[in-house]
Amino acid sequence: MSDDIVIKNPEITSLYHYQTLELNTAVSSSIRDRAVYINDDIVLDEWKLSPLLNGEVYYSSPNDFNDPFELNFKMESSDNTIFSLEKIFYMSRELKGVPEQFKAIAQLIPKSAFNRATFPTSSSLNRLLIEQVKKQLGVYCFSESATDSIMWAHYAANYQGIVLEMERSVRNVCGLDTFRVEYPDELPKLNLDYILNDLMKLRDLPSGIEKIEMIEAGHIGKWIFTKAKSWGYEKEWRTLQSSSGLHPMPGKLKSIIFGSKVAPQIVTYLRDRTELLDVNFKFLKIDKANSSLYIDED
């Protein structure tokens, strides 16, 4: 890694992912397939535990997000869009310098769409691209904060879950390929032609701030890294993969932060795992006098 590569927002040295850890035992099929019993009363979810121990995380499909407007922005295009997309599709092997997760956006259109006898209209092409991206793109979400009460309630099982703290550096995805979500007063109006042009421009940019700023300022960033202003409390950052599913952790796991309602037996179980020997254990505390949350170092 070159010494002259720097990351954007270097003051943010960690990003935080809120998640559950225990299994919902009310679902019988989940008990059979995914149960890891700590004791008769505490059951962990194998689908959450195994990736944690193996240094992996799950990149979700946008179709599974809780925002019904996710990626569903108004998008314009022209008749030239189809031919531009066709060119990128067939040149994809030569698009060196374009990150795979962004190159995949153009490749998500089925090859059958390029049959000249049945070319889609620009409006149907827009819908097709949005549907395919929401179905296949993998997104992993972080927050800048580990002490947001709403995040703990919504994403970490009402304080019974955990937060994964990952390091940002010039040596990992969290530092070089993770993007801050914007929350404008009005959602953007996008143009598919500009998105495709942005893809082509990425070829000539080196890794680092210049490439990140180009993505964030362009139509790609406005499409994938924008949410309605009402979601601003999340202070979200996102990193992408060309497919949903398990992928390597995007940064070094610095610590596991346990919610205030996590059973002590779960903490003990994870302490005993050799896979987590280099990971710090921290604990969320509630300061009722000041109506605030804070993290207690182990």
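For every chain, the first residue of the written sequence is number 1, and numbering continues from 1 along that sequence. Predicted model: local features are reported for residues with pLDDT of at least 70 only, side-chain atom pairs are reported and counted for 80 or more only, and whole-chain, interface and lining totals are derived from all residues. In computing side-chain properties, one takes all heavy atoms of the structure into account and sets aside hydrogens as well as water.

A.B. asks: Explain helix α11 (residues 264-271) here, please?
C.D. replies: Because each turn of an α-helix spans 3.6 residues, side chains separated by three or four positions in sequence point in the same direction. I266, V267 and L270 are the residues of α11 that are buried. Buried positions in α11, seen along its axis, are confined to an arc of 100° and lie on one side of it. By the convention used here, residues are in contact when the closest approach between their heavy atoms is within 4.5 Å. By definition, any uninterrupted DSSP run of H or I lasting at least four residues is a helix, any uninterrupted run of E lasting at least two residues is a strand, and each is numbered from the N terminus. Against β3 (43-45), α2 (46-54), β12 (253-258) and β13 (280-287) lie the buried residues of α11. Burial here depends on accessible area, computed with a 1.4 Å probe over protein chains only, as a share of the maximum for the residue type. Under 20% is buried, over 50% is exposed, and the range in between is partly exposed. The reported arc concerns the directions from the helix axis to the C-beta atoms and nothing else.

A.B. asks: Can you walk me through the layout of surface pockets in this structure?
C.D. replies: Estimated volume of the largest pocket: approximately 970 Å³. Cavity and pocket criteria rest on a 1 Å grid covering protein atoms alone: a 1.4 Å probe that fits but cannot get out defines a cavity, protein on both sides within 12 Å along at least 5 of 7 lines defines an open pocket, and an atom within 4 Å of a point defines a lining residue. For the largest pocket, the lining is made up of 35 residues, of which H17, Y18, Q19, K48 and S60 are closest to its centre. Residue assignment for the lining of the largest pocket shows that the elements contributing at least two residues are β1 (14-19), α2, β4 (56-59), β6 (138-143), α6 (149-155) and β10 (236-241). Charged means Asp, Glu, Lys or Arg here, nonpolar means Ala, Val, Leu, Ile, Met, Phe, Trp, Tyr, Cys or Pro, and polar covers whatever is left, Gly included. Taken together, the residues of the lining of the largest pocket break down into 19 nonpolar, seven polar and nine charged. Grid points are joined across faces, edges and corners, and a volume is the space filled by probe spheres set on the points.

A.B. asks: Got a minute to help me understand unusual backbone geometry in this structure?
C.D. replies: Negative phi values dominate among residues other than glycine, just as trans dominates among peptide bonds. With phi around 75°, Y159 is a residue other than glycine that occupies positive phi space. Inspection of the secondary structure puts Y159 in the loop between α6 and β7 (162-167). We classify Y159 as buried; its relative accessible area is 12%. Non-glycine residue K235 carries a positive phi angle of around 50°.

A.B. asks: Is there a simple way to explain α2 in this structure?
C.D. replies: Among all positions in α2, only L49, P51, L52 and L53 are buried. Put simply, D45 is the residue that caps the front of α2, since its side-chain oxygen is 2.9 Å from the backbone nitrogen of W47. Throughout this description, a polar contact denotes any pair of N or O atoms lying within 3.5 Å of each other; where both atoms belong to protein, one of them has to be capable of donating a hydrogen while the other can accept it, and for residues adjacent in sequence the pair is counted only when both atoms sit in side chains.

A.B. asks: I keep staring at the packing of aromatic side chains and nothing clicks. Help me out?
C.D. replies: In this description, an aromatic ring pair is defined by two values, namely the gap between the centres and the angle between the planes. Centre distance within 6.5 Å is the pairing criterion for rings of Phe, Tyr and Trp, where only the six-membered ring of Trp is used; planes under 30 degrees apart are then read as stacked, over 60 as edge-to-face, and the remainder as tilted. A complete count under the given rule lists seven aromatic pairs for this structure. Ring centres of Y18 and W152 lie 5.4 Å apart, and the angle between their planes is 80°; this geometry places the pair in the edge-to-face category. One end of the pair, Y18, is in strand β1; the other, W152, is in helix α6, and 134 residues separate them in sequence. The pair formed by Y18 and W152 is uniform in burial state, with each residue classed as buried. Taking the centre distance of 5.5 Å and the plane angle of 40° together, the rings of Y59 and Y140 count as tilted.

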